[in-house]
Amino acid sequence: MTTGSLTPGVEAQASAPWGIRLDGVSVRYPNGTMGLRDVSVDIAPGELIAVVGLSGSGKSTLIRTINGLVPATSGVVQVGGRRVDGASGRRLRELRGHIGMVFQSFNLAGRTSVLNNVLVGRLAHTPLWRTLLGAYREDDRRLAFEALDRVGLLPKVWDRASALSGGQQQRVAIARALTQQPRIVLADEPVASLDPPTARGVMDDLRRINVDLGITVLVNLHLLDLAREYGTRMIGMRAGEIVYDGPAASATDADFAQIYGRSVTAADRLER
């Protein structure tokens, strides 16, 4: 396999990315904190959206509401035309099976192999007995190998996840999400703990997934440079509300100051 090639098994998933629609969505946590305030937004299938804002602005709540990890208090949440709000049990699991998640903390099982971690992406599509026995189908293994090839980690397939660098672990997490054959990939601060060169490498992987496979990608970021460089569209959040929605490349420091509620500083940029 050649890194970055469009292999048939992975390419097949690119035909039908899902859009995302929120209409008047609010989220109130049990302690009374408002995570989202009357948020309405339409994301077309195949877009790459950078969501920016300070800690507590609602970025993570937005992503977790889209995949049903956080229930909407009011409003409508749809992915691919399917309602997420009010979904539960089997229906919610089926929806999540089409939504790849990438977290800041990687969420890998460090003591097992890279391959086994990536195969976790097939859980929603695999009978329980196969999962318990580790008896994954050959097609599932092929998808895992293809996903690792796409992020440049095929040579690490048999390594323990704990032996990898932070950037490599995040690439394993991306490969795990790809193995789901997702219609949407949601990435919550995927580069927050990485050094600048590694952060750009991970963002390059996410952009290739979007461009080469057509998958809708929504990524939370706190660094202006990355949002401008990688997002085709940027959504700015502050206090649970959308305060900016427009082209990422043309967003100015004044726009970021409006989003952050303060002047832009060196800490808000990748190179510092």
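Definitions and limits used
- Residues numbered from 1 in each chain as written.
- Predicted model: local features only at pLDDT ≥ 70, side-chain atom pairs only at ≥ 80, totals over all residues.
- Heavy atoms only, no water.
- Phe/Tyr/Trp six-rings, centres within 6.5 Å; stacked < 30°, edge-to-face > 60°.
- Helix = DSSP H or I, 4+ residues; strand = E, 2+ residues; numbered from the N terminus.
- Buried < 20%, exposed > 50% of the residue type's maximum accessible area, 1.4 Å probe, protein only.
- Core = buried A, V, L, I, M, F, W, Y, C linked by side-chain atoms within 4.5 Å.
- Contact = heavy atoms within 4.5 Å.
- Pairing = 2+ DSSP bridges.
- Axes fitted to C-alpha atoms, helices over the stretch in contact; angles between N-to-C directions.
- 1 Å grid on protein atoms, 1.4 Å probe; cavity = no way out; pocket = protein on both sides within 12 Å on 5 of 7 lines; lining within 4 Å.
- Points joined across faces, edges and corners; volume = space filled by probe spheres on them.

> Just to check I follow, could you spell out the packing of aromatic side chains for this structure?
Considering all chains together, one arrives at 2 aromatic pairs under this definition. Seen in terms of ring centroids, phenylalanine 145 and tryptophan 158 are 6.2 Å apart; in terms of plane orientation they differ by 70°. Their pairing is edge-to-face. Of this pair, phenylalanine 145 sits in helix H6 (residues 138–150) while tryptophan 158 sits in the loop between H6 and helix H7 (166–179), placing them 13 residues apart in sequence. For phenylalanine 145, a relative accessible area of 23% gives the class partly exposed. Relative accessible area serves as the criterion here: at 62%, tryptophan 158 is assigned to the exposed category.

> Can you help me understand the nonpolar core in this one?
A general tendency of soluble globular proteins is for nonpolar side chains to be buried together. Membership of the largest hydrophobic core comes to 52 residues, with the highest contact counts inside it found for Leu221, Leu226, Met234 and Phe256. Judged by nonpolar contacts, the second largest core, of 29 residues, contains Ile20, Val39, Val41 and Leu92.

> Where do I start with the side chain of aspartate 205 in this structure?
With respect to the helices and strands, the residue aspartate 205 is situated in helix H8 (residues 196–213). Residue aspartate 205 is classed as buried on the basis of its relative accessible area, which comes to 2%. Not counting chain neighbours up to four residues away, the residues in contact with aspartate 205 comprise Arg150, Val151, Arg171 and Ile174.

> Whenever I open this one, unusual backbone geometry confuses me. Can you help?
Working note: non-glycine residues mostly have negative phi, and peptide bonds are mostly trans. Unlike most non-glycine residues, asparagine 107 shows phi in positive territory, near 60°. With respect to the helices and strands, the residue asparagine 107 is situated in the loop between strand E6 (99–103) and helix H4 (114–119). Classification of asparagine 107 by relative accessible area gives partly exposed; the value is 43%.

> Could you clarify how one ought to interpret the sheet that holds strand E7 (residues 184–188) in this entry?
Strand pairing in a sheet is mediated by backbone hydrogen bonds. Such pairs are either parallel or antiparallel. With respect to topology, 6 strands assemble into an open sheet ordered E6-E7-E8-E3-E9-E10, the strand pairing being mixed. With partners counted over all chains shown, the strands left at the sheet margins are E6 and strand E10 (241–247), one partner each. With strand direction ignored, the average angle separating the axes of adjacent strands in the sheet is 15°. Examined bridge by bridge, E6 and E7 share 5 bridges and lie parallel to one another. Note on E7: the bridge partner recorded for glycine 100 is valine 185.

> Mind showing me how you'd approach the layout of surface pockets here?
Rolled over the atoms, a probe sized like a water molecule indicates the empty space that remains. Size it by volume and the largest pocket reaches roughly 380 Å³. In this structure, the largest pocket is lined by 16 residues; those nearest its centre are Arg96, Ile99, Val120, Gly121 and Gln180. Mapped onto the lining of the largest pocket, the elements with two or more residues apiece are helix H3 (89–96), E6 and H7. It is E6 that provides the largest number of residues to the lining of the largest pocket, a total of 3 residues.

> I keep staring at the sheet that holds strand E2 (residues 34–43) and nothing clicks. Help me out?
Pairing in this open sheet of 4 strands is antiparallel, and the strands run E2-E1-E4-E5 from one edge to the other. Only two strands of the sheet have a single partner each, and these edge strands are E2 and strand E5 (82–83). Where strand E1 (residues 20–28) and strand E4 (residues 74–79) come together, 5 bridges link them in antiparallel fashion. From the neighbouring strand, serine 26 faces E4, where its bridge partner is serine 74. Each of E1, E2 and E4 touches helix H2 (residues 59–66); the most contacted strand, E1, lies at about 115° to it.

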